[in-house]
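So you can see what is in the structure, the chains are spelled out below.
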Amino acid sequence: MRTQMATEAGRTTAPSEDRALVGPHLLAVLDGVTAKPENGCEHSVGWFADQLAAEILRVAHLEPAEGLRKAIEQAAELHGGACDLDHPDSPSVAIAVVQIKDDVLRYLVLGDATVVVDTKQELHVVSDTQTKRTAGAKVEDVAHALTGEVPLQDVRRVAILSDGAARAVDLFNLFDWRQALELMAANGPDDLIRRMRAVEKEDAKAVDWPRAKISDDATVVYLDR
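Residues numbered from 1 in each chain as written. Predicted model: local features only at pLDDT ≥ 70, side-chain atom pairs only at ≥ 80, totals over all residues. Heavy atoms only, no water.

Draft legend 1. The side chain of D141, seen in detail. Looking at where D141 falls in the secondary structure, it is placed in the loop between strand 7 (123–127) and strand 8 (146–151). What makes D141 buried here is its relative accessible area of 14%. (Helix = DSSP H or I, 4+ residues; strand = E, 2+ residues; numbered from the N terminus. Buried < 20%, exposed > 50% of the residue type's maximum accessible area, 1.4 Å probe, protein only.)

Following this line, the structure appears as C-alpha cells:
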C-alpha cells in the first residue's frame, strides 16, 4: 500500500492545529477546535492535539472506539490541576481514524472530519456535522462517533481529511469525491490543497462561498493499493 500525507496551516501567522498520524495499522487526522478566550484550560488546542495523537498511537492495536476512549482518558491525566475539564469549551478535536488490521478496514469519525473509502462496489463518505460532538476530555462523547468496517480485499483507496481540506469538495464543489480521489492518486493530496487555496484567495471576502474561516488548516492522509 502507498500512503501520502499533506498538511498546510490556514494562516501564516499561526501554527496549524491539525495533526496527521501514519502508524502501523493506523491512519488518523485530528482537527483542533478553535479555542474560545475562556475555555477553562491553561493549555492550547495544539498541545491537546499533540497529547491525544501520541496516546492514540500507543493504543493503535485496539479497536478504534476503545482506543479513542483510552487515549482520551490518558490525555486528560496530562492536564494540570488548574485545568477545568468540565468546562464545555475545554480543548478538543474532530477526529477521523482508519485502522487496517485482521484483513478488515475499520473507521471512526467524531466531528466534522471526513473518511472516504472507495471500494470495488461503492464509495463510502463518512462525516459527522450534526451532533457537534468532538474528542475532548469526556470519554462519553466517543459513543456518538460514526463507526464501521469494510473487508480489506474490497478497498481500493482511502482518504482522511480535516474539514479545512474537505471544503474542496463539500463547500467549493471543485470536484466530487470520486474525482478528488482520482486527483490525489495522480498528483498527491497536496494538489487538492493547492487548488482549494487558489479558490480561497479568489474569494478572499467569502462572498461567493460564505464561510466562517476564509482559509482553514487543511490536512489529508491518502492511501491506495
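Draft legend 2. Just the packing of helix 1 (residues 45–58) against helix 2 (residues 64–77), in detail. Contact geometry for helix 1 and helix 2: axes closest at 8 Å, N-to-C directions at 130°. Here helix 1 is positioned oblique relative to helix 2, judged by the angle of their axes. The two elements helix 1 and helix 2 cross, and the hand of that crossing is right-handed. From helix 1, F48, L52, E55 and I56 reach across to helix 2, where they touch L68, A71, I72, Q74 and A75. Counted by class, the contact of helix 1 with helix 2 contains seven nonpolar, one polar and one charged residues. (Axes fitted to C-alpha atoms, helices over the stretch in contact; angles between N-to-C directions. Parallel < 35°, antiparallel > 145°, perpendicular 65-115°, else oblique. Left-handed = near helix turned anticlockwise from the far one by under 90°. Contact = heavy atoms within 4.5 Å. Nonpolar A, V, L, I, M, F, W, Y, C, P; charged D, E, K, R; others polar.)

Draft legend 3. Quick peek at the sheet that holds strand 10 (residues 218–224). The strand order across the open sheet formed by five strands is 1-10-9-6-7, and the pairing between neighbours is antiparallel. At either end of the open sheet lies a strand with only one pairing partner, and these are strand 1 (2–8) and strand 7. The average angle at which neighbouring strand axes cross in this sheet is 10°, direction not considered. With seven bridges joining them, strand 1 and strand 10 adopt antiparallel strand pairing. Among the inter-strand pairings, A6 is bridged to a residue of strand 10, identified as V220. Of the strands in this sheet, strand 1, strand 6 (114–119), strand 7, strand 9 (155–161) and strand 10 are in contact with helix 4 (residues 177–187), which crosses strand 9 at around 95°. Across the sheet, helix 5 (residues 189–202) is in contact with strand 1 and strand 10; its angle to strand 1 comes to roughly 30°. (Pairing = 2+ DSSP bridges.)

Draft legend 4. Geometry of the pairing of strand 3 (residues 26–32). Of all the seven residues making up strand 3, seven are buried; the element is thus mostly covered by neighbouring parts of the structure. Going residue by residue along strand 3, you find L26, A28, L30 and G32 tucked away on one face and L27, V29 and D31 tucked away on the opposite face as well. Where strand 2 (residues 18–23) folds back on strand 3, the antiparallel hairpin that results is connected by two residues, among which H25 adopts a positive phi of roughly 70°.

Draft legend 5. Region of interest: unusual backbone geometry. A positive phi angle, close to 65°, is found at D103, a residue other than glycine. Along the polypeptide, D103 turns up in the loop between strand 4 (93–101) and strand 5 (104–110). Since its relative accessible area comes to 63%, D103 is described here as exposed. One non-glycine residue, A206, lies in the positive phi region at around 55°. With respect to the helices and strands, the residue A206 is situated in the loop between helix 5 and strand 10.

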